[in-house]
Amino acid sequence: MSARPWPTAALFAVASLTLAPAVTAGATYSGRQTQLDVAIPRLEASVAIDGRLDEPAWNDAARLTGFSQYAPSDGRPAEDDTTVLVWYSPTAIFFGIRAQAAPGTVHATLADRDRIDADDNVQIYLGTFGDGRQAFLFAVNPLGVQADGALVETGAQSGHGFSGLSSGREAPDLSQDFVFESKGRLTDSGYEVEIGIPFKSLRYQARDPQDWNLHIIRVVQSTGHEDSWVPARRNAASFLAQAGRLRGLTDLRRGLVLDVSPVVTAKVDGAPAASGGWQYDASRPEFGGNVRWGVTSNLTLNGTVNPDFSQVESDAGQFQFDPREALYFPEKRPFFLDGLEQFTTPNNLIYTRRIVAPIAAAKLTGKISGTSVAYLAAVDDAGTSASGRDHPVFNVLRVQRDVGNGSKAAFVYTDRVDGANSNRVAAADARLTFGGIYALNLQAGLSRTVRPWGTATAPLWQATLGRSGRHYGFRYALRGVADDFRAEAGFISRPGIAGLNFTNQVTAYGAPGSLMERWTGDVVLDGTWQYQDFVHRRPSQDNKLHFNSNFTFRGGWQAGQSVLIETFGYDRALYADYALLKSGPNGDEILPFVGKSRLQNLDYVLSLDTPRLRGFSGSVFWIWGKDENFYEWASADILFLQLSAAWRPTERLRVDASYQVQSYDRRTDGSTVGRRAIPRVKVEYQMTRAIFVRMVSQYDAEQQDDLRDDSRTELPIVIRDPATGEYARALGFSRNSLRTDWLFSYQPTPGTVIFAGYGNTLADQNARDAAGRRRTADGFFFKISYLFRM
């Protein structure tokens, strides 16, 4: 057993070099000449991953050259030369990168894993199943610091909604961590990086020989450009389908793939004592473990018992713009992250954070004969049960079948059974690409929810048609979620609505070397209905007309502007417990709350993103104007401001700061009805590639005024308690809290970690006075795990 990525001596210590037949040693493949079928050499060779491409094997590697610009505009020759060398041994595949750059322009830091997005980097997308639909990602910065994950194309849109339609490749999921080696160094002409990826870390086809898809992207921070070995088009419906090919990989030897990771965790929680003072509750250490078994080259079984699902960093604070929509927090727990891309579904019908504190879980993922299969079973702790006695049981199944060239059909089934309560969801979906630039996404499903008082069955459906044209694109979407649709193993932010969206976008490109490199302008027309109103063809509740304009300038600067014209309709369900309090000589009287039928909004948006300049980079996102005040259902002057800054004074020190503020001022008298501000700072010092220390501090200040029937009767608002039926005044408050977390992390390879940390929370003790903040909670935690790779 060993925790090393692979036993180097056993794999590489062979004296001679032997090439597979019909392969030309040192052949060159130029992407600009569309030489995209690579006869990759198979060598019996010994190499040391040290960032120096001076071993004999690199002379016989295939040479990938002729990169083209991919972003912000495609089709032009890359400004900086890049050469990638590639070969494979019986047990691993190797990449050598030589990146040319002007002196002083390379951005490189000794970052933590997956934190290299602000550095120059090279991204390798390996499509080991050759299907043009999914790929593993292995990325490195100039020092060899790693980022890794997976990309499964779904057609999903990213961004904050004002940046237009996404073009180019979708964002990869960096949740997964793979065991591989990399080392890099800066040179007089740029940088060199050496990479070795063992076949033990990959899933691939069960055939011999086989072909793999390959994309290579180089990110150049000094210009803001992305270069691609394949002359890929941003206006294509699929990025992965445009990949080059590594031809004729044969006799791949993974050996036994068995990873065992025992885990020990301990924590001590502090809280105020009932008699005064402070007390700590030290629980016994918890023992658990994870197992990963490569059943075959294309099928992996994972299991865990009594897993540690503590997070080493708390979720960042989020604002809730619409109280009818739930907030989404991403999965961060290691067991669920491995193979997470196989569970991706439209509308988030699978959301593993619903499994709160599992006692045990197992999952099987892989791809067989063009069909991807992912199954997860888990038994949750009784404390997460509705009854508090039963152990909720989860079953999650996702099956995806390749159809034609770049299309797929899929099925998902989930259930959560908790004693007499249960929820089951079944849905089918498809992604169909045609014409090179068109994609049609379809989904239809049903949920069945059983409770002691009854059973409810309800549908969900969606259809989206998109065009990814170079100068003109569109996205038309229709979606509905019935009132009783529930996905207790998924995430539905707002059931009971239907929506129709039309987005049309035009794009213009600047001449080579010009200040403006790309401009996009789009018009968005969006309507939202209560589900029953849509079914019965009644008018929509909310209507939006957005005009967005976004610029990309030379050097990596980005700017955007938007005008938002909206109308929001009164939601009776949201204010069902609201009433008004009228005081008179005969006592208090409860009157019904009758909101205005429709509010008119007019908002403006500005955004700016800077490149890294002298170690600094930043962004601004600002919305202001007339918008709805959900506190009192009246128009308000709103402000939403999000500032972020990153400072890299040295290659080891990272400082990230952000400030968010959201406020609503009444238009009648200018008073503030609600305001929330969240400043957050994160400081990390990377002692070595494996060791860092981190401090995260977040302050959350929220205040709310006494609620009243603003712009109408001005009477005080009272809210009914559904449990007791009693009405109470909606009085103002002020809440302030400060959360600070400290962490020491040692992680030489994925699966081998030592975490030691401390966190505390300070909060005010008076609803009106923020001056009396006191410590309300703190705790110490420790975790150690070790990867045994057999």
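See the structure above.
The present account deals with the structure reproduced in this document. Each chain carries its own residue numbering, running from 1 in the written order of its sequence. Restriction of local features to residues with pLDDT of at least 70 applies here, the model being predicted, together with a cutoff of 80 or more for giving and counting side-chain atom pairs; totals for whole chains, interfaces and linings are based on all residues. With hydrogens and water excluded, all non-hydrogen atoms of the structure serve as input to the side-chain values.

Moving on, we come to the packing of aromatic side chains. Think of it this way: a Phe, Tyr or Trp ring, Trp meaning its six-membered ring, pairs with another when their centres are within 6.5 Å, and the plane angle makes it stacked under 30 degrees, edge-to-face over 60, tilted otherwise. Taken as a whole and judged by the stated rule, the model has 40 aromatic pairs. Centre to centre, the rings of Tyr 125 and Phe 239 are 5.7 Å apart; their planes meet at 75°, and the pair counts as edge-to-face. Residue Tyr 125 is found in strand E7 (residues 121–127), and its partner Phe 239 is found in the loop between strand E13 (225–228) and strand E14 (244–249); the two are separated by 114 residues along the sequence. Each member of the pair, Tyr 125 as well as Phe 239, carries the same accessibility label: buried. Taking the centre distance of 6.0 Å and the plane angle of 55° together, the rings of Tyr 570 and Trp 633 count as tilted. Taken as a pair, Tyr 570 in the loop between strand E30 (557–569) and strand E31 (578–584) and Trp 633 in the loop between strand E34 (616–629) and strand E35 (634–647) lie far apart in primary sequence, 63 residues in all. Among the aromatic residues, those joined into a cluster by ring pairs are Phe 568, Tyr 570, Tyr 575, Tyr 578, Phe 593, Phe 630 and Trp 633. Directly above the ring of Tyr 70 sits Arg 234, whose terminal nitrogen or CZ lies 5.4 Å from the centroid. Put simply, a charge is over a ring when the Lys NZ or the Arg CZ is close to the ring centre, within 6 Å, and near the line of the ring normal, within 35 degrees. Here the basic side chain of Arg 470 rests over the ring of Tyr 509, its NZ or CZ set 4.1 Å away from the ring centre. Counting from the N terminus, the helices are the DSSP runs of H or I reaching at least four residues and the strands are the DSSP runs of E reaching at least two. Each residue's exposure class comes from its accessible area (1.4 Å probe, protein chains only) as a fraction of the maximum for that residue type: buried when under 20%, exposed when over 50%, partly exposed otherwise.

One bridge is not enough; two strands pair if DSSP finds at least two bridges between them. With mixed pairing, six strands are arranged side by side in an open sheet as E1-E3-E5-E6-E11-E10. For this open sheet the edge positions go to strand E1 (28–30) and strand E10 (181–187), each flanked by a neighbour on one side alone. With strand direction ignored, the average angle separating the axes of adjacent strands in the sheet is 15°. Every angle, taken between N-to-C directions, lies between 0 and 180 degrees, and every axis is a line fitted to C-alpha atoms, over only the stretch in contact when it is a helix.

When a carboxyl oxygen of Asp or Glu lies within 4 Å of a side-chain nitrogen of Lys or Arg, that pair is called a salt bridge. Evaluated as defined, the whole model comprises 44 salt bridges. Its salt-bridge partner being Arg 676, residue Asp 700 comes within 2.5 Å of it at the nearest N-O pair. Of this pair, Asp 700 sits in strand E38 (residues 691–704) while Arg 676 sits in strand E37 (residues 672–686), and the two are 24 residues apart along the sequence. The exposure class of Asp 700 is buried, given its relative accessible area of 15%. Via salt bridges that share partners, Arg 115, Arg 648, Arg 654, Asp 656, Glu 684 and Arg 694 belong to a single interconnected network.

Turning our eyes to something else, we now look at the sheet that holds strand E39 (residues 717–720). Within a sheet, adjacent strands bond to each other through the backbone by hydrogen bonds, running parallel or antiparallel. Reading across the sheet, the four strands line up as E32-E31-E39-E40 and stay open at both edges, with antiparallel pairing between neighbours. Two strands close off the open sheet at either side, each with one partner strand: strand E32 (587–592) and strand E40 (727–729). Taken pair by pair, the neighbouring strands of this sheet meet at an average axis angle of 40°, ignoring direction. With three bridges connecting them, E39 and E40 associate as antiparallel partners. Bridge pairing links Val 718 to Arg 729 in E40.

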